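# Secondary and tertiary structure notes
Okay, here's what each chain looks like letter by letter:
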Amino acid sequence: MSITGLAWRGGKPVDRTVNKDTVAELIADPELLVWVDLCGVDESEVNRIGEALHLDPHSLEDSLTPNERPKATRFDRYMFVTMYGASLGPADAMASRVQLTRVSAYALPMCLLTVRLDDKFNMASVVTRWREDPKLAGFGVDGLLQGLLDEAVDEQFDVLQGLDDDAETLIDQAFADRADLKALQQRTFTVRRELVDLRRVIPPMRDVVAAMMRTGSVERQWTAELLIYYEDLTDHTLRATEWLDNLRDLVSSVFETNLALNDNRMNEAMKLLAGWAAMIAVPTLVTGFFGMNVPYLGFGVATGLWIAVGLIVVPVVALFVVFRRKGWI
């Protein structure tokens, strides 16, 4: 497990190394705002730091347990937040490409502690965001947490954009000439599965941000400027949720269109078979009639042959013309 982080004093970064040996000293300094990141979780080390910070054992368990849902839980001295970053993996015809990575955050009065199970979440982008906007560190822990949440939502936006492009491709394939409907159906199912994966993590982010805006991570009043940051974040979460719902509706429409195209192809095939079967039935009927072993009109003479040929050719040509005009053949 790696332990890294940053420190600020009065909203300005200070040159202090955050590691396993210095983390306790830095957290104990009431004038320092500290971010501590635990990556590649070691349960004993997390519990050790949790005890030093007097963190609730239930929240520590949640930070170590896989597949926790996004949430924000208010404790006496801190806010515990679970969120998910997202990315698209390599293309696969059947497997979901959506890769989710969880980040758990403890927002204490002067310390933001993040716990990651792996290094898939791009924490470097979060650090860049904090450095490019010094106001976030000036706001304290709530500002740092806003930057972290905003980066997670931005990653979700990137994945939604990729799936939006996939949906447009599906539409083009559905209405292409000689479309491969089987491949289209398989890809549509895959995209729907990917959207289901995202639905587990994107809509709950609204509740996470709303909980932050109601109570804050620490017991103090927010400034109007910090509130604007969180209102902008709320707008992002709403847009992501609406985009996800629109994509689900669009992909469902593509799936239904695929079924309709399959039915249409089946109907065309049935009409074609029915048309040719009707034309084949005419010579079968005529030859069967003239094949009787009793005398009939034209029996034993050439006239009978021409009568049979005429009874075959004329109805078959007439049926062919009728079916051609109706588009059956």
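Above this text you will find the structure in question.
In this report, the structure presented in the accompanying data block is examined. (Residues numbered from 1 in each chain as written. Predicted model: local features only at pLDDT ≥ 70, side-chain atom pairs only at ≥ 80, totals over all residues. Heavy atoms only, no water.)

## Quick word on the packing of aromatic side chains
Counting across every chain of the model gives 8 aromatic pairs. Look at phenylalanine 139 and tyrosine 229: their rings are 5.3 Å apart centre to centre, the planes differ by 75°, and that puts the pair in the edge-to-face class. On the criterion of sequence distance, the pair formed by phenylalanine 139 in the loop between helix 5 (134-138) and helix 6 (141-174) and tyrosine 229 in helix 9 (residues 224-290) is long-range, its members being 90 residues apart. Neither phenylalanine 139 nor tyrosine 229 differs from the other in exposure class; each is buried. When the centroid spacing of 5.9 Å and the interplanar angle of 45° are considered together, the rings of phenylalanine 157 and tryptophan 243 count as tilted. Of the two residues, phenylalanine 157 sits in helix 6 while tryptophan 243 sits in helix 9, which places them 86 residues apart along the sequence. Each member of the aromatic cluster is reached from another via a ring pair, and the members are Phe75, Tyr78, Phe80 and Tyr106. (Phe/Tyr/Trp six-rings, centres within 6.5 Å; stacked < 30°, edge-to-face > 60°. Helix = DSSP H or I, 4+ residues; strand = E, 2+ residues; numbered from the N terminus. Buried < 20%, exposed > 50% of the residue type's maximum accessible area, 1.4 Å probe, protein only.)

## Let's talk about the environment of alanine 269
Here alanine 269 lies in helix 9. For alanine 269, a relative accessible area of 35% translates into the label partly exposed. Each C-alpha atom, one on alanine 269 and one on isoleucine 329, is 9.3 Å from the other, the two residues being 60 residues apart in sequence.

## Details of the packing of helix 6 against helix 8 (residues 204-215)
Running from amino to carboxyl end, helix 6 crosses helix 8 at an angle of 165°, the nearest separation of the two axes being 12 Å. Relative to helix 8, helix 6 is oriented roughly antiparallel. Viewed along their axes, helix 6 and helix 8 form a crossing whose handedness is left-handed. Of the residues in helix 8, those in contact with Asp142, Leu145, Leu149, Val153 and Gln156 of helix 6 are Met205, Val208 and Met212. (Axes fitted to C-alpha atoms, helices over the stretch in contact; angles between N-to-C directions. Parallel < 35°, antiparallel > 145°, perpendicular 65-115°, else oblique. Left-handed = near helix turned anticlockwise from the far one by under 90°. Contact = heavy atoms within 4.5 Å.)

## Observations concerning the pattern of salt bridges
Inspection of every chain in the model, using the stated rule, returns 15 salt bridges. The salt bridge involving arginine 48 is made with glutamate 45; its shortest N-O contact spans 2.4 Å. Taken together, the positions of arginine 48 and glutamate 45, both in helix 2 (residues 43-52) and 3 residues apart, correspond to about one turn of that helix. Given the relative accessible area of 38%, arginine 48 is considered partly exposed. With a shortest N-O distance of 3.6 Å, lysine 71 and glutamate 68 are connected by a salt bridge. This pair shows no difference in class: lysine 71 is buried, exactly as glutamate 68 is. By sharing partners, the salt bridges in this structure join Arg97, Asp166, Arg187 and Glu194 into a single network. (Salt bridge = Lys/Arg side-chain N within 4 Å of Asp/Glu carboxyl O.)

## Considerations on the nonpolar core
Met83, Trp130 and Leu145 are the most contacted members of the largest nonpolar core, which has 56 residues in total. Among the elements that line this core, the one with the most residues is helix 6, at 14 residues. (Core = buried A, V, L, I, M, F, W, Y, C linked by side-chain atoms within 4.5 Å.)

## Re unusual backbone geometry
Phi angles above zero are rare outside glycine, and histidine 54 is one such case at about 60°. Relative to the helices and strands, histidine 54 resides in the loop between helix 2 and helix 3 (57-64). For asparagine 67, which is not glycine, the phi dihedral falls at a positive 65°. Accessibility expressed as a relative area gives 64% for asparagine 67, which makes it exposed.

## Regarding the pairing of strand 6 (residues 98-108)
The element strand 6 is largely enclosed, with a buried count of 9 among its 11 residues. Where strand 5 (residues 79-88) meets strand 6, 10 bridges bridge the pair, whose relative direction is antiparallel. Bridging from a neighbouring strand, valine 81 pairs with alanine 105 of strand 6. Two elements, strand 6 and strand 7 (residues 111-116), share 6 bridges in a ladder whose sense is antiparallel. When the bridges of strand 7 are listed, alanine 107 appears paired with leucine 112. Hairpin remark: strand 6 followed by strand 7, antiparallel, with 2 residues in the connecting loop. (Pairing = 2+ DSSP bridges.)

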